[in-house]
Amino acid sequence: MVNKCCVPACISNYKRKKGDSEQNTYTSCFEFPKDPELKELWLRKIPRKNLLITKNTVVCERHFNESDIICSDIIPGVKGQQDTVIPRKRKKLKSGAVPSIFENLPGYLSSPPPLKRESPGSKRRRLEEREEDSLQKFLEEDIVSSFTDLTQCLDDQFKKWKFFHLKTEFNDDHIKLYSLEFNERQGLFVKFSISINNDLAVSVWCENIKISNFTWIIPKDNKLDRWSQLQNIITHYSSSLPGKEAIFESAICTVAEVFQEDEKKLICVVF
């Protein structure tokens, strides 16, 4: 005897009229759980009053989410071999599954399927891929391809960096950037300035003192090839270093560069 679903308006495993596409279709059904609390939860979910539970009272698979139903068994592979998937003759429910889909009844009686929890490995790979894509996008957008590119995009970059304190002068063969300050001793003076030639060579002044070496920011002949290099130069020199400290820093960079190729030499600086 084929058990019939007890959910109202469900016709799973009932006799169909001739010509019905599902006339001979069998739908898997599941008995009520033995656990009293889970059984009570099923009764609250199924919109049927005074439902009498017997050994033949069942709920068909159409009222469960696909993720709640076990349709196959998996045998783990041995020594790196693929897992073996064996279809089950009789489907079964996962522990704690509750009927939540009632298609032929008002929509408010059904519950949305639970969100599938992402495995730690999958989440880690997704985050790594997102970080890699973000880094690749940043590196592509960070390139200063030419002097023309620099002049056309400089104002937009300054807005992005919120460098509203800098003044700019555009010329055919170079760009000047500078920051003005005022104090009682010096009056109005240029605290920091940059000149960028049309070959993208960069020169930096801090309180009228030229910084001769900043290879720790721009390693290739002081020629700009990335927007982040310009941002780092402006941030570092315009906000922190007065003239004497700028000279000292430039000297240290020069000394370090001289001895870079010979790691065996020891530099002792006495203050």
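Preceding this section is the structure that the text describes.
Residues numbered from 1 in each chain as written. Predicted model: local features only at pLDDT ≥ 70, side-chain atom pairs only at ≥ 80, totals over all residues. Heavy atoms only, no water.

> In this structure, what is going on with the side chain of Ser 203? I would like to understand it.
Positionally, Ser 203 belongs in strand β8 (residues 202-206). In this structure, Ser 203 is in contact with Ser 193, Ile 194, Ser 195 and Lys 210, ignoring residues within four places of it in sequence. (Helix = DSSP H or I, 4+ residues; strand = E, 2+ residues; numbered from the N terminus. Contact = heavy atoms within 4.5 Å.)

> I tried to follow the pattern of salt bridges on my own but got confused; where do I start?
Pairing is possible between side chains of opposite charge, provided their charged atoms come close. Here the structure, examined in full by the defined rule, presents 5 salt bridges. Here Lys 91 makes a salt bridge to Glu 61, at a shortest N to O gap of 2.8 Å. Placement of Lys 91 in strand β4 (residues 84-93) and of Glu 61 in the loop between β2 (58-60) and β3 (69-75) is noted, with a sequence separation of 30 residues between them. For Lys 91, a relative accessible area of 30% corresponds to the partly exposed category. (Salt bridge = Lys/Arg side-chain N within 4 Å of Asp/Glu carboxyl O. Buried < 20%, exposed > 50% of the residue type's maximum accessible area, 1.4 Å probe, protein only.)

> Please clarify how the nonpolar core should be interpreted in this entry.
Soluble, globular proteins show a tendency: their nonpolar side chains are buried together. One finds Leu 150, Ile 194, Leu 230 and Ile 233 to be the most contacted residues of the largest nonpolar core, which totals 27 residues. The set of elements that each furnish at least two residues to this core consists of α3 (147-161), β6 (174-183), β7 (187-197), β8 and α4 (227-239). Sequence-distant contacts of Ile 194, that is, excluding residues within four places in its chain, are made with Ile 175, Lys 176, Leu 177, Val 202, Ser 203, Val 204, Leu 230, Ile 233 and Ile 234. Residues Phe 30, Phe 64, Ala 97 and Val 98 belong to the second largest nonpolar core, which totals 20 residues. (Core = buried A, V, L, I, M, F, W, Y, C linked by side-chain atoms within 4.5 Å.)

> Before we go on, may I ask you to explain the state of the cysteines in this structure?
All told, the structure shown has 0 disulfides when counted by the stated rule. The structure places no disulfide on Cys 5, whose sulfur is separated from the nearest cysteine sulfur, that of Cys 10, by 3.8 Å. Judged by its relative accessible area of 2%, Cys 5 falls in the buried class. (Disulfide = S-S within 2.5 Å.)

> Got a minute to help me understand the layout of surface pockets in this structure?
Which parts of space are left empty comes out when a probe the size of a water molecule is rolled across the atoms. In this structure, the largest pocket spans a volume of roughly 460 Å³. As for the largest pocket, its lining consists of 19 residues, of which Cys 29, Phe 30, Glu 31, Lys 91 and Lys 92 are closest to the centre. The set of elements that each furnish at least two residues to the lining of the largest pocket consists of β1 (29-31), α1 (36-45) and β4. Broken down by element, the lining of the largest pocket gets its largest block of residues, 5 residues, from β4. Tallied by class, residues from the lining of the largest pocket come to 9 nonpolar, 4 polar and 6 charged. (1 Å grid on protein atoms, 1.4 Å probe; cavity = no way out; pocket = protein on both sides within 12 Å on 5 of 7 lines; lining within 4 Å. Points joined across faces, edges and corners; volume = space filled by probe spheres on them. Nonpolar A, V, L, I, M, F, W, Y, C, P; charged D, E, K, R; others polar.)

> What is the right way to look at the pairing of β8 in this model?
The two faces of a sheet get side chains in turn, since along a regular strand they alternate between them. Within β8, 4 of the 5 residues are buried, which leaves it mostly tucked inside the rest of the structure. Taking the residues between adjacent antiparallel strands as the criterion, β7 and β8 are bridged by 4 residues, where Leu 200 takes a positive phi near 70°. Examined bridge by bridge, β8 and strand β9 (residues 209-211) share 3 bridges and lie antiparallel to one another. Pairing of Cys 206 across the sheet is with Ile 209, part of β9. In sequence, β8 turns back onto β9 through a hairpin of 2 residues, with Glu 207 there showing a positive phi of about 50°. (Pairing = 2+ DSSP bridges.)

Function cannot be inferred from these measures alone, as they are strictly geometric.
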